[in-house]
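Structure at a glance
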Amino acid sequence: MLADYAIIGAGPSGLAMARALQKVGVSVDGYEAAADVGGLWDISNPRSTMYESAHLISSRTTTEFAEFPMNSTVDYPGHRTLKQYFDDYADAFSLRELFTFNARVTSVTRTEDGLWDLTAVTPDGEITRTYRGVILANGTLAEPNIPLFQGEFSGELMHTSEYKSPSQLSDRRVLIIGAGNSGCDIAVDAVHHAASIDMSVRRGYYFVPRYLFGRPSDTLNQGKPLPRPMKQFIDTRLLRAFTGDPVKFGFPKPNYKIYESHPIVNTLILNHLGQGDLRIRADIDHFDGSTVHFVDGSSDDYDTVLLATGYTLDYPMVPREYLHWNGAAPSLFLNIFAPDFNGLYVMGMVEASGLGWQGRYEQAALIAAYLQAEQHEPDQAAAFRSRVAHQPWPDVTAGYRYLGLDRMSYYVNKDAYRSAVHDETTRLVQGASLTAAVR
Ligand SMILES: Cc1cc2nc3c(=O)[nH]c(=O)nc-3n(C[C@H](O)[C@H](O)[C@H](O)COP(=O)(O)OP(=O)(O)OC[C@H]3O[C@@H](n4cnc5c(N)ncnc54)[C@H](O)[C@@H]3O)c2cc1C
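Right, let's walk through the structure included here. (Residues numbered from 1 in each chain as written. Predicted model: local features only at pLDDT ≥ 70, side-chain atom pairs only at ≥ 80, totals over all residues. Heavy atoms only, no water.)

This next bit is on the packing of helix 1 (residues 12-24) against helix 7 (residues 356-376). Two numbers describe how helix 1 lies on helix 7: the axes approach to 8 Å, and their chain directions differ by 40°. Between helix 1 and helix 7, the interaxial angle falls into the category oblique. Crossing of helix 1 against helix 7: the hand is right-handed. Between helix 1 and helix 7, the contacting residues are Pro12, Ser13, Ala16, Met17, Arg19, Ala20, Leu21, Lys23 and Val24 on the first element and Trp357, Arg360, Tyr361, Ala364, Ala365, Ile367, Ala368, Leu371 and Gln372 on the second. (Axes fitted to C-alpha atoms, helices over the stretch in contact; angles between N-to-C directions. Helix = DSSP H or I, 4+ residues; strand = E, 2+ residues; numbered from the N terminus. Parallel < 35°, antiparallel > 145°, perpendicular 65-115°, else oblique. Left-handed = near helix turned anticlockwise from the far one by under 90°. Contact = heavy atoms within 4.5 Å.)

Right, dumping it as structure tokens:
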């Protein structure tokens, strides 16, 4: 017998969704293109954008699922430990049984009676099955964002999604474009292998150390968020005291305040700049053969240009209108619910400093509460839909004025977001005969 709902993806978000639906007794079939669970933390997943040196940048206790603490004492485990964690999570709750692996969903189309036909290519050939709804958990960091540049580069041009190990950069003159978390990780990797490393940046960044006062920095102030102006005031000074002024290392001065863009959790990059292992360059003007010209009039020759230019959201299996795209991201209630409740739900389309997998689980718990209400408490479900139909939606920015960049279009403040998700889940289950999947 077919389940009522389908999940696409068995990464952290898809697993969290399966677990939350399992808890409330809503039937579900999962489809995963790769051979196993773990999403991008499974470096053997062909869609994974993980690299050999990658570790968590949020700390273990702020990231793990609350009901399933990690069997590790390390604060920032590496990707292999995390793959094992998702294996253990799936085993502990028998989640693998809910998924078909090596099953790539190619389309999700609406039927005349408002259900969804899901088509997948599986080891047994192409299948099409019908569901009441589909939860998209296919990840946000898989489709490379490739900017357009003037001119042509004749050397090797690659995106961080193709980077696995520093040996790929051995003895090469490397230019990394972009200083996000992946760009900085790779620069730090590459200093011991490449012939030279330059990093081209458009703007300044805030660099957060992994440890402050001997504790993982994201564990300070947990549960008692400071008001935005105070947090920005204190943390700017704290960073200046601990890491110094990145301008002294060659970075431009940020033209925005701390937390208005995703911070870089990497201070090794500053150490290497201090040692002269790499150089910061200006934004790109144009390419000409193996020469890269920068907007400040300088130029240099390179063997490899590595685009650390991030990722773009992509839900290729679903016609765009069903996800209410607005610019670079779908416009969804709490980044989850299509406002017309067409039966599509999005998991994991959320970026925030320190949200972790528990934050994703809380999204799943809200979806589970709604789907359970639809089946057993139609009035509660209708009240939720009515709240969603009426703007304004909860403010999940906590007053931070995020940079108007594509990658910030689905960014939230973790405290404001978790509190809004928690409030909605509580309202849905309150006074009703529903099982809260909140924890
Ligand atoms: C280098 C790096 C470091 C990171 N560090 C952190 C960190 O420290 N803390 C943190 O919270 N987050 C971190 N992240 C973010 C990371 O995205 C999340 O931790 C998490 O993996 C998101 O889970 P997800 O399930 O939404 O997506 P993914 O992990 O991307 O999983 C999506 C799954 O969907 C499957 N899929 C895709 N398309 C289809 C299809 N058509 N049919 C079937 N299956 C499909 C994929 O194969 C994949 O298994 C990091 C990311 C990277 C790249």
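Attention now moves to the site of the ligand. Taken together, the neighbourhood of the ligand is formed by 31 residues, with Ser13, Glu32, Ile57, Ser58 and Trp357 sitting nearest. Between the ligand and the protein, one listed contact pairs a nitrogen atom with a backbone N or O atom of Ala33 at 3.0 Å. Across the complex, the protein chains shield 92% of the 990 Å² of accessible surface that the ligand would expose by itself. Of the residues forming the shell around the ligand, the biggest block, 3 residues, is contributed by helix 7. (Near = heavy atom within 4 Å. Polar contact = N/O pair within 3.5 Å; in protein donor to acceptor, adjacent residues only side chain to side chain. Areas by Shrake-Rupley, 256 points an atom, 1.4 Å probe, with all protein chains shown as cover.)

Here the focus is the packing of helix 7 against helix 8 (residues 378-389). Geometrically, a packed helix pair is captured by the angle between its two axes and the distance between the axes. It is the contact of helix 7 with helix 8, at a shortest axis distance of 6 Å, that shows an interaxial angle of 130°. On the basis of their axis angle, the class for helix 7 and helix 8 is oblique. Residues Leu366, Tyr370, Ala373, Glu374 and His376 of helix 7 form the contact with helix 8, whose own contacting residues are Pro378, Gln380, Ala381, Phe384 and Arg385. A breakdown of the residues in the contact of helix 7 with helix 8 according to their chemical character gives 6 nonpolar, 2 polar and 2 charged. (Nonpolar A, V, L, I, M, F, W, Y, C, P; charged D, E, K, R; others polar.)

Generally speaking, nonpolar side chains in soluble globular proteins are found buried as a group. Among the nonpolar cores identified, the biggest contains 103 residues, and Ile269 and Phe337 are the most heavily contacted of them. Of all the elements, helix 7 adds the most residues to this core, at 11 residues. With sequence-adjacent residues up to four places away left out, Ile269 is seen in contact with Cys184, Ala187, Val188, Met199, Phe207 and Leu278. Counting residues in each nonpolar core, the second largest holds 27 residues, with Val105, Leu118, Met317 and Leu344 among its members. (Core = buried A, V, L, I, M, F, W, Y, C linked by side-chain atoms within 4.5 Å. Buried < 20%, exposed > 50% of the residue type's maximum accessible area, 1.4 Å probe, protein only.)

Relative to the 30 Å expected for 21 residues at 1.5 Å per residue, helix 7 spans 31 Å between its end C-alpha atoms, a close match to the ideal helical length. Across the 21 residues of helix 7, 18 count as buried, placing the element largely inside the fold. (Expected span 1.5 Å × (residues − 1).)

Here the focus is the sheet that holds strand 5 (residues 116-122). Pairing in this open sheet of 3 strands is antiparallel, and the strands run 4-5-6 from one edge to the other. Taken across any chain shown, the strands that pair with only one partner, and hence form the sheet edges, are strand 4 (104-110) and strand 6 (125-131). Strand-to-strand twist in this sheet, taken as the mean axis angle between neighbours without regard to direction, amounts to 20°. Of the pairings in the sheet, the one linking strand 4 to strand 5 comprises 6 bridges and is antiparallel in character. In the sheet register, Ser107 faces strand 5, and the bridge partner there is Thr119. (Pairing = 2+ DSSP bridges.)

Attention now moves to a nonpolar patch on the surface. A cluster of nonpolar side chains, namely Met230, Phe233 and Ile234, defines an oily patch on the protein surface of about 280 Å² accessible area. In this fold, Met230 is placed in helix 5 (residues 228-243). Taking the relative accessible area as the measure of exposure, Met230 reaches 41% and is therefore partly exposed. (Patch = residues over 30% accessible without salt bridge, like charges linked within 9 Å, V, L, I, M, F, W, Y side chains within 5 Å. Salt bridge = Lys/Arg side-chain N within 4 Å of Asp/Glu carboxyl O.)

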